[in-house]
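Structural characterization, general
As a plain string of letters, each chain reads:
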Amino acid sequence: MTNSLSLSSADLDQLFGKARSFNAWQKKDVPDALLEEIYHLVKMAPTSANCSPARFVFLKSDDAKARLEPALSSGNIEKTMTAPITVIVAYDNEFYEELPKLFPHTDARSWFNSSPELIKETAFRNSSMQAAYLILACRALGLDTGPMSGFNNELVDKIFLKDSNWTSNLLINIGYGQEDQLYSRLPRLDFDEACQIL
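Cut-off values and rules
- Residues numbered from 1 in each chain as written.
- Predicted model: local features only at pLDDT ≥ 70, side-chain atom pairs only at ≥ 80, totals over all residues.
- Heavy atoms only, no water.
- UniProt positions renumbered as here; feature names shortened; annotations may be inferred.
- Buried < 20%, exposed > 50% of the residue type's maximum accessible area, 1.4 Å probe, protein only.
- Helix = DSSP H or I, 4+ residues; strand = E, 2+ residues; numbered from the N terminus.
- Pairing = 2+ DSSP bridges.
- Arc of directions from axis to C-beta.
- Contact = heavy atoms within 4.5 Å.

- Labelled according to an unreviewed UniProt entry, the protein appears under the name Putative NADH dehydrogenase/NAD(P)H nitroreductase GCM10007915_17090, originating from Psychrobacter pacificensis.
- Its UniProt record, at the heading Sequence similarities (unreviewed entry), says of the protein: "Belongs to the nitroreductase family. HadB/RutE subfamily."
- The Cofactor (unreviewed entry) field of the UniProt record for the protein holds the comment "FMN".

Have a look at this one:
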């Protein structure tokens, strides 16, 4: 069912207008049940042919965080070690094996049989979209996030994903941010600078 009603200004602010990327975190736990709720929202958002290649590894324990630390760039260590959760957003290099279940209308799996380039392009693009959905799902449920690309992908894959067909894409810290530690908001491009209507 299509909902023709717009969200309220307050809702839009929570998702976009006043939402921020956080680097400092309150010492407040994020329950596992809330992570499941986040995923249940993310999985409903669109991907091409419903391929859903993203895979999420939620690092919550001190041990998991300690294993991640050597893979982080120096500027990302403190913010990540103090975040309640860090999620590795990865993509499954064999996501197409799930297409008979996810896209049963046709033999979509055959689209990828002879094209490693298409597999990687599809997996990377769609898992990146799913990472954005995860950020919005967190915000919708009252959590804050801090996405990061400053890490050693190969090392993360070796430490956490070596026994799978998954490849890391990006990291996202999740928790309840400390607003008094925020930097001033950075500028954005105006419509005319970033958009065209043809």
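**Quick word on the pairing of strand β1 (residues 54–59)**
- The buried fraction of β1 is high, at 5 of 6 residues.
- Both β1 and strand β2 (residues 85–92) contribute to a ladder of 6 bridges, which runs antiparallel. The partner of Phe58 across the bridge, within β2, is Val87.

**A short note on helix α2 (residues 32–42)**
- Residues of α2 that are buried include every one of Leu34, Leu35, Ile38 and Val42, and no others. The arc that holds the buried residues of α2, viewed along the axis, is 105 degrees, so those residues lie on one side. Turned more than 90 degrees away from the buried face of α2 sit Ala33 and Glu36, all of them exposed.
- Against the buried residues of α2 lie β1, β2 and α6 (116–140).

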